[in-house]
Amino acid sequence: MEFAELIKTPRVDGVILHRPFMPTVEGTLCLTGHHLILSSRQDNAEELWLLHSNIDSIEKRFVGSLGSIIVKCKDLRVIQLDIPGMEECFNIASSVEALSTLDILSLMYPFFYRPMFEVIEDGWNSFLPEDAFKDLETMTDEWRLSDVNKDCTVCPSYPPLVAVPKDVDDDTLRKVATFRHSGRFPVLSYYHKKNGMVMMRAGQPLTGTNGRRCKEDEKLINATLRPGKRGYIIDTRTINLAQQAKARGGGFESEANYPQWRRIHKAIERSNILQESLIKLVEACNDQSHSMDRWLSKLEASNWQTHVKEILTTACLAAQCIDREGASVLVHGTEGTDSTLQVTSLAQIILDPACRTIRGFQGLVEREWLQAGHPFHHRCAQSAFSNSKPRQEAPVFLLFLDCVWQILRQFPCSFEFSESFLVLVFDHAYASQFGTFLGNSTAERAKLSLPEKTVSLWSWVNRPQELERLTNPLYEANSLVIWPSVAPQSLLLWEGVFLRWNRSSKCLDEAYEEMVHIIEYNKELQNKVNSLRRQLAQLETEDPLLQTLE
Amino acid sequence: MEHIRLPKVENVRLLDRVSPRRSRVGTLYLTATHTIFVENEMKGPDIHVEDCLVCSVEKQAATASGCSLLVRCKNFQVLHFVVPRERECHDVHLSLQRLSQPERCEELYCFSYKPNVDEAERRQEWDFLDLKADYSRMGLPNSLWKFSPVNQHYKVSDTYPADLFVPQSATPPVIVGSSKFRSRGRFPTLSYYSKENHAAICRSSQPLSGFSARCLEDEQMLEAILRSNPRSDFMYVVDTRPKLNAIANRAAGKGYENEDNYSNIKFQFIGIENIHVMRNSQQKMLEVCELRSPSMSDFLEGLESSGWLKHIKAVLDAGIFIAKAVAEEGVSVLVHCSDGWDRTAQVCSVASVLLDPHYRTLRGLMVLIEKDWVSFGHKFSHRCNHLVGDPKEVSPAIDQFLESVWQLMEQFPCAFEFNARFLITIHSHVYSCQYGNFIGNNQRERVELRLRERTHSLWSYLWKNQTDYINPLYRPDHSQTQGLLRPSTAPYCFKSWRGLYNRFDPGMHPRQSVEDYLSAIQEETQQLEEQLASHKQVEKGYKRINSKFLLKKTQSTCSCYRGCTILSDLGLANTPQDYTGCFVTSSPCQPKAPDGSLVLLTQDSNLSNGSDQESGIADVSCRSPLSEDSTRDPDSDEAAYSAA
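Fair warning: this is a prediction, and the values are worked out from it, not measured in the lab. (Residues numbered from 1 in each chain as written. Chains lettered and ligands numbered in written order. Predicted model: local features only at pLDDT ≥ 70, side-chain atom pairs only at ≥ 80, totals over all residues. Heavy atoms only, no water.)

What about the overall build of chain A?
As a reminder, the rule being used: Labels follow the DSSP assignment, with helices taken as runs of H or I lasting at least four residues and strands as runs of E lasting at least two, numbered in each case from the N terminus. Restricting the calculation to C-alpha atoms gives the radius of gyration, and the globule rule supplies 2.2 Å times the number of residues raised to the power 0.38. Buried residues are those whose accessible area, probed at 1.4 Å on protein chains only, stays under 20% of the maximum for their type, while exposed residues exceed 50% and partly exposed ones sit between those limits. In what follows, a contact means two residues having at least one pair of non-hydrogen atoms within 4.5 Å. Here the accessible surface of atoms and residues is derived via Shrake-Rupley with a 1.4 Å probe, and residues count as covered only by protein chains that are part of the display. Charge counting treats Lys and Arg as positive and Asp and Glu as negative, with His and both chain ends excluded. Positions of charges follow a simple convention, taking NZ of Lys, CZ of Arg, CG of Asp or CD of Glu.
A count of helical and extended segments in chain A gives 21 helices and 14 strands. For 550 residues, the compact-globule estimate of 2.2 N^0.38 gives 24 Å, and chain A sits close to it at 26 Å. Expressed as lengths along the three principal axes of its C-alpha atoms, the size of chain A is roughly 90 × 75 × 50 Å. Considering chain A as a whole, with its 550 residues, one finds that 61% of them fall into the buried category. Long-range contacts, defined as pairs at least 24 residues apart, comprise 70% of the intrachain contacts of chain A with a sequence gap of at least 6. As displayed, chain A has an accessible area near 21,500 Å², and 51% of this comes from carbon and sulfur atoms. Of the charged side chains in chain A, 59 are positive and 71 negative, and the gap between their average positions amounts to 7 Å.

Written as structure tokens, this is what we have:
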């Protein structure tokens, strides 16, 4: 297929671009296979480059012969393009519509994008499971790296290599896989160096209504317990939902069969409910009625903040079990690819200072989201403006980032990265020139040859000039566990994402610059004082008069 | 002290509001000025609460463990004591109730507050702020506005200050005539004057217009105000009440200006609700903030139904209207409500903050409060309930002003010289009665009470401690600092001010403060600058002999600041909360787990039985050590871990 077939009108002159809080731009609109471009064709004037894959929905409006299209993006931006001429407007709209809903992965922009920068380190090789395991081996010898899933048949959503208890062999793993949803047998998610406790994750056990059991499953998870110790199973669903799951072949670990484990049910919502929340929240943020009652009631009705609170609370609970109770934890929901990953990854942010660095956070996203088989392609296919009925779309990952932002707000000096890094990761998860978030699993990514054919987001991020932009100037390494507050008063709306395009950020940006300035000036002075001090010390040793005076 | 039935009670338990496990046992002392709780074995810091700050005392039914006493304070602290014997509880209850509601002004704390300051210094405290100096800063008097002695001895309006500025063309008969046509004689007078474009903000009370009455002098007075702005051919008259309220007032012979009777005025209603609505709204909002383990919906629904942020938005919107009229249109504005001492004070002072960078400085905000609130007769004694009185007179007008300023600070982080701590400290002392500034309802009462002779002034205390109140992001030459502020009042720009209303729940606040961090860095920077200067001198060779000495000195003073701030924060950082709230509730009075361990383990029985309890829906919580001073929880074991 040729993109040209989809582009009915490649170019229109005299198009006017309207964006909130920015001056209007008049220029030429061009459509390419992957971009919508608006250029005023003047020197040093800003151009708009919009990836078609970033476009969530498009609306047409006609007033006389002047047509407008309203483009709503996955990064939540809304822009308006006034296009002279009905036909042009109609053509542009239908072309953009076709291009932005193209669901053929191999035609996505990352396959066409060639980096304009020097790749210092290939991000595709930066966070391999075997490297992560080498770090684990320096701390413990109780785990091994199994390649039971090397051809991704035991569990299609797992990577070829997973960490499992040393004493459990591959045959056992194969049996356990048949007892867990989508073959997601329990694997190591996190090892807590301080006390040797672990966090594992899995899919739900397939007990069904007649209480099927699997000795191998019990053996596997018991292998992670210290003698005489008990562990916690955190089921991210309410007990009612977990009960209902039995009718569909799922279920939960019964006490009778898992006497060494305590089960705690939490109430993290399922993906379709989260998607509805996102749509309602964004609708509220874009409501210009300016009535306080209406805003607060819409914010409340969206339930978004409720999800943030519940996810964060569950993650804190998991972290508390590990760090405070000295107990190991197994986390699962239904499939083990959504709420499970929210909990395991956030718990690591709380427990492990390494995850609060820029590189550590990339590693966490790789391990706990990409390699752990969060279906990014399905979840991020549409965002808040989609008119089509949601299928598998859900802001699961965005909620994770929101929770990280909440912790960052509460511990502003304990993260190496700033808010802008989180926003960047959000943007790229939904639309990107990089291949990192394409596909639903490691297997799919390998099949598409993404590491060979596309550039990794991390290749771009891990260059000095980008790192500098994303670094938190306040950062001072903090080796402690950080316990966030989950009180409603402590949880705020993530303005950097949800109000990013709805308000002028000038004053807040200036405040940030001022903060950077204060810190940099301090560093500069420190350097000056130190070098002067060295000079003086030298003068002193060279000066015999002073020495005699001493 | 005849009001204290029981000066001391032992074995009183002080419950933590969020997690009852963390209670403290100690002795409660009642004194004429303070209520003091001293923990046994000196584990935690003592808690001192000025008796004047106590807002309500509620005695609950006795239980086996004792009798509960809930003490709510005007600074939003809530103390939950359990007194062993009901008799004692009863006595404490009655004593505190009496102590917190003095009958005579002389009983207020400011008359017995005697810091170690000599008389000459004390007098100087009161000279620290000079309102006349602020008027001359505005360029007054000039050819358009003059100082008027008409209200000397408070003869024209007993609730106005003695010193006032009026239009050059306003003669005493006009002023007196106008005052007779205004509630409480509060005739139109100057609040703010812009020397750039001559536009002014004037304030008054409502006219006694009824259905048809008019007053020639009052019309002349407005004419004079209009003429004092030579470049403008009309002026705004802003009635800050909802239209219905103003219309209702006409039946009582009051009301609002008829545009037909006044030449060249544009009349405008801005609906800010009255003191009763505001009092109830704050009450509801505080109930929401006080909820134990609320869900997100509980909180947001409660916040909405309290209407509090809607009212804050209304005050700010009104301020913006006036500030824009003055700065952008160059048009003068007359502002009034009913009596002109609540909403009018709010709106005039918010407009001044928006208009004039001076009022965004430490000294400027103090002058502004002194001018638009204290001198113009905001009834602090009634509104803050300093003395036993009519509860219907109480209203949080000044709270709303301080919060409006805080909301602006959130939008313009570099525009204000002071930080939120400054606002919170002012709030606290408006109610504490420790200083004489906010005693009485107007200037006349304060003169009669001889407050300047007998008490101390808050302003000079704040000024002396200004380093605590400086916003590190403020620079006088920053672009945000200049000119008119144009805030957004889209509803999502308003936040709930947990720093004030949940001030005593430190668990809810960020565990690391960017502001404190930056302040520490700035302090260090300052030291470095000094060192650099001295090093350079040494280098020049002026004092080569001393260089070794200097070197030693500088090496020891450097770079210990940041470490301190961060560490103190981490004491808290390393304390987990009850993320298992629902389990706790089943046994609220459970003894404190010795090692602060998870409640889960001590409650094995119903954990995995699939009960409703297990599904654990919302569970918030944050611990809240009781004293505002405590930076870490005394009974947490985490301190040990943080050291490790």
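Thoughts on the UniProt feature "domain: Myotubularin phosphatase" (unreviewed entry) in chain A
Going by this rule: UniProt positions are given in the numbering used here, feature names are shortened, and annotations may be inferred rather than shown by experiment.
UniProt marks residues 123-498 of chain A with the feature "domain: Myotubularin phosphatase" (unreviewed entry), using the numbering shown here. As annotated, residues 123-498 of chain A comprises 44% helix and 9% strand, and the C-alpha atoms at either end are separated by 29 Å.

Some remarks on the layout of surface pockets
All names here are of chain A. Applicable threshold: A cavity, in this analysis, means grid points on a 1 Å lattice covering only the protein atoms where a 1.4 Å probe fits yet has no way out; a pocket is instead an open set bounded by protein on both sides within 12 Å along at least five of seven lines, and a residue lines either one if it has an atom within 4 Å of a point. Grid points are joined across faces, edges and corners, and a volume is the space filled by probe spheres set on the points. Note on residue categories: nonpolar means Ala, Val, Leu, Ile, Met, Phe, Trp, Tyr, Cys or Pro, charged means Asp, Glu, Lys or Arg, and polar means any other residue, Gly included.
What the second largest pocket holds in volume is close to 1,100 Å³. Lining the second largest pocket are 44 residues, and of these Ala 132, Asp 135, Gln 348, Asp 352 and Arg 367 lie nearest its centre. Where the lining of the second largest pocket is concerned, the elements lending two or more residues are helix H3 (129-137), strand E9 (162-165), strand E10 (187-192), helix H10 (339-351) and helix H11 (358-370). For the lining of the second largest pocket, the per-class residue count stands at 27 nonpolar, eight polar and nine charged.

Examining the state of the cysteines
Rules: Put simply, a disulfide is two cysteine sulfurs that come within 2.5 Å.
Following the criterion strictly, the structure yields zero disulfides over all chains and no others. Lacking any disulfide linkage, Cys 30 of chain A is separated from the closest cysteine sulfur, that of Cys 89 of chain A, by 16 Å. For Cys 30 of chain A, a relative accessible area of 26% gives the class partly exposed. Here Cys 89 of chain B is not disulfide-linked; the sulfur of Cys 67 of chain B is the nearest cysteine sulfur, at 3.4 Å.

Thoughts on the side chain of Thr 9 of chain A
Residue and element names in this part refer to chain A. Put simply, the rule is: Here a polar contact means two N or O atoms within 3.5 Å. Within protein one must be a hydrogen donor candidate and the other an acceptor candidate, and residues neighboring in sequence count only if both atoms are side-chain atoms.
Tracing the backbone shows Thr 9 in the loop between helix H1 (3-6) and strand E1 (11-18). Engagement of the side chain of Thr 9 in a polar contact is seen with the side chain of Asn 91, the distance being 3.0 Å. Among residues more than four places away in sequence, those in contact with Thr 9 are Leu 31, Asn 91, Ile 92 and Ser 95.

Notes on the nonpolar core
The line we're drawing: To qualify as a nonpolar core, a set must consist of buried Ala, Val, Leu, Ile, Met, Phe, Trp, Tyr and Cys residues joined through side-chain atoms within 4.5 Å.
Residues Phe 361 and Phe 498 of chain A together with Phe 401 of chain B are the most contacted members of the largest nonpolar core, which totals 260 residues. Considering each element in turn, this core owes the most residues, 12 residues, to helix H9 (residues 308-329) of chain B. For Phe 361 of chain A, the residues in contact, after removing those within four places along its chain, are Ile 349, Ala 354, Cys 355, Phe 400, Leu 401, Val 404, Phe 417, Phe 421 and Leu 422 of chain A. Formed by 30 residues, the second largest nonpolar core is a distinct cluster that contains Val 154, Leu 173, Phe 185 and Ile 221 of chain A.

Examining the pattern of salt bridges
Basically, it comes down to this: Salt bridges, as used here, are contacts in which a Lys or Arg side-chain nitrogen is within 4 Å of a carboxyl oxygen on Asp or Glu.
Per the counting criterion, the structure on display carries 66 salt bridges over all chains. The partner of Arg 379 of chain A in a salt bridge is Asp 338 of chain A, and the shortest N-O contact between them spans 2.8 Å. Here Arg 379 of chain A, found in helix H12 (residues 376-379), pairs with Asp 338 of chain A, found in the loop between strand E14 (329-332) and H10; they are 41 residues apart in sequence, far enough to count as distant. The same class applies to Arg 379 of chain A as to Asp 338 of chain A, namely buried. The shortest N-O distance in the salt bridge between Arg 98 of chain B and Glu 103 of chain B comes to 3.7 Å. Residue classification places Arg 98 of chain B among the buried positions, given a relative accessible area of 19%.

Let's talk about the pairing of E10 of chain A
Residues and elements named next belong to chain A. Rules: Two strands make a pair as long as DSSP finds a minimum of two bridges between them.
Judged by how many residues are buried, E10 sits mostly within the fold: six of six residues are covered. For E10 and strand E11 (residues 197-201), the ladder comprises five bridges, and the chain directions are antiparallel. Residue pairing across strands places His 192 opposite Met 197, the latter belonging to E11. Counted along the chain from E10 to the antiparallel partner E11, the turn is four residues long, and its residue Gly 196 has a positive phi close to 75°.

Focus: the sheet that holds E10 of chain A
Residue and element names in this part refer to chain A. Worth spelling out the cut-off: Orientation is described by axes fitted as lines to C-alpha atoms, over the contacting stretch for helices, and by angles from 0 to 180 degrees between their N-to-C directions.
With mixed pairing, the five strands of this open sheet are ordered in space as E10-E11-E14-E12-E13. Only two strands of the sheet have a single neighbouring strand rather than two, namely E10 and strand E13 (261-265). On average, adjacent strands in this sheet sit at an angle of 20° to one another, irrespective of strand direction.

Focus: the sheet that holds strand E10 (residues 189-193) of chain B
Residues and elements named next belong to chain B. Taken in spatial order, the five strands make up an open sheet running E10-E11-E14-E12-E13, and their pairing is mixed. Each having just a single partner strand, E10 and strand E13 (265-269) make up the two edges of the open sheet. Averaged over all neighbouring strand pairs, the angle between strand axes comes to 25°, with direction disregarded. Of the strand pairs in this sheet, strand E12 (residues 235-239) and E13 are connected by five bridges, and their pairing is parallel. Bridge pairing in E13 links Val 237 to Phe 267. Where helix H10 (residues 343-355) meets the sheet, it contacts E10, strand E11 (200-204) and strand E14 (333-336), and its direction lies at approximately 170° from that of E11.

Looking at helix H5 (residues 215-222) of chain A
Turn by turn, an α-helix covers 3.6 residues, leaving residues three or four places apart pointing in a common direction. All names here are of chain A. For clarity, the threshold we go by: The arc under discussion is defined with respect to the helix axis, by the directions toward the C-beta atoms.
Along H5, the residues that are buried comprise Asp 217, Glu 218, Leu 220 and Ile 221. The buried residues of H5 occupy one face: seen down the axis, they fall within an arc of 160°. Residues of H5 that are buried sit in contact with E9, helix H4 (170-179), E11, strand E12 (231-235), E13 and E14.

What about the UniProt feature "binding site: substrate" (unreviewed entry) in chain B?
Residue and element names in this part refer to chain B. Within the UniProt annotation, "binding site: substrate" (unreviewed entry) is assigned to Asn 274, Ile 275, Cys 337, Ser 338, Asp 339, Gly 340, Trp 341, Asp 342 and Arg 343. In three dimensions, the annotated residues from a span of 70 residues occupy one location, with a maximal C-alpha spread of 12.0 Å. Relative to the helices and strands, Ile 275 resides in helix H7 (residues 275-290). Apart from the residues lying within four places of it in its own chain, the contact partners of Ile 275 are Asp 342, Arg 383, Lys 392, Glu 393, Val 394 and Ser 395. You can see Asp 339 is positioned in the loop between E14 and H10. Not counting residues up to four positions away in its chain, the partners in contact with Asp 339 are Ser 183, Arg 184, Arg 186 and Ser 205.

Digging into the environment of Arg 237 of chain A
Residue and element names in this part refer to chain A. Along the chain, the position of Arg 237 falls in the loop between E12 and helix H6 (239-247). Assessed through its relative accessible area of 5%, Arg 237 is described here as buried. Setting aside residues up to four positions removed in sequence, Arg 237 forms contacts with Gln 204, Ala 242, Ala 245, Gly 251, Phe 252, His 265, Lys 266, His 332, Gly 333 and Thr 334. A polar atom in the side chain of Arg 237 sits 2.9 Å from the side chain of Asp 235. Within the structure, Arg 237 has its side chain in polar contact with the backbone oxygen of Gly 251 (distance 3.0 Å).

Description of the pairing of E10 of chain B
All names here are of chain B. A large share of E10 lies buried, amounting to five of its five residues. Sheet topology note: the E10/E11 ladder contains four bridges and is antiparallel. Looking at the pairing, Tyr 193 lines up with Ala 200 of E11. Connecting E10 to the antiparallel partner E11 that follows it, the hairpin turn spans six residues, and His 198 within it adopts a positive phi of roughly 70°.

What to know about the packing of helix H7 (residues 271-285) of chain A against helix H8 (residues 292-302) of chain A
The geometry of a pair of packed helices is captured by two quantities: the angle between their axes and the separation between those axes. Residue and element names in this part refer to chain A. Definition in use: Here is the rule for angles: anything less than 35 degrees is roughly parallel, anything more than 145 is roughly antiparallel, 65 through 115 is roughly perpendicular, and the remaining ranges are oblique. By definition, turning the near helix anticlockwise from the far helix through less than a right angle yields a left-handed crossing, and turning it clockwise yields a right-handed one.
Interhelical geometry of H7 versus H8 gives an angle of 165° and a closest axis separation of 8 Å. Here H7 lies roughly antiparallel to H8, going by the angle between them. Like other packed secondary-structure pairs, H7 and H8 cross with a definite hand, here left-handed. Residues Ser 277, Lys 280, Leu 281, Glu 283, Ala 284 and Cys 285 of H7 pack against Trp 295, Lys 298, Leu 299, Ala 301 and Ser 302 of H8.

Brief notes about empty space enclosed by the protein
To find the voids left in a structure, one rolls a probe of water-molecule size over its atoms. All names here are of chain A. Under the counting rule described, the total for this entry stands at 16 cavities of 30 Å³ or more. Approximately 160 Å³ is the volume found for the largest cavity. Around the largest cavity sit 18 residues that line it, and Arg 270, Ser 271, Glu 335, Asp 338 and Ser 339 are the ones nearest its centre. In terms of residue count, H10 provides more of the lining of the largest cavity than any other element does, three residues in total. The residue makeup of the lining of the largest cavity, split by class, is three nonpolar, nine polar and six charged.

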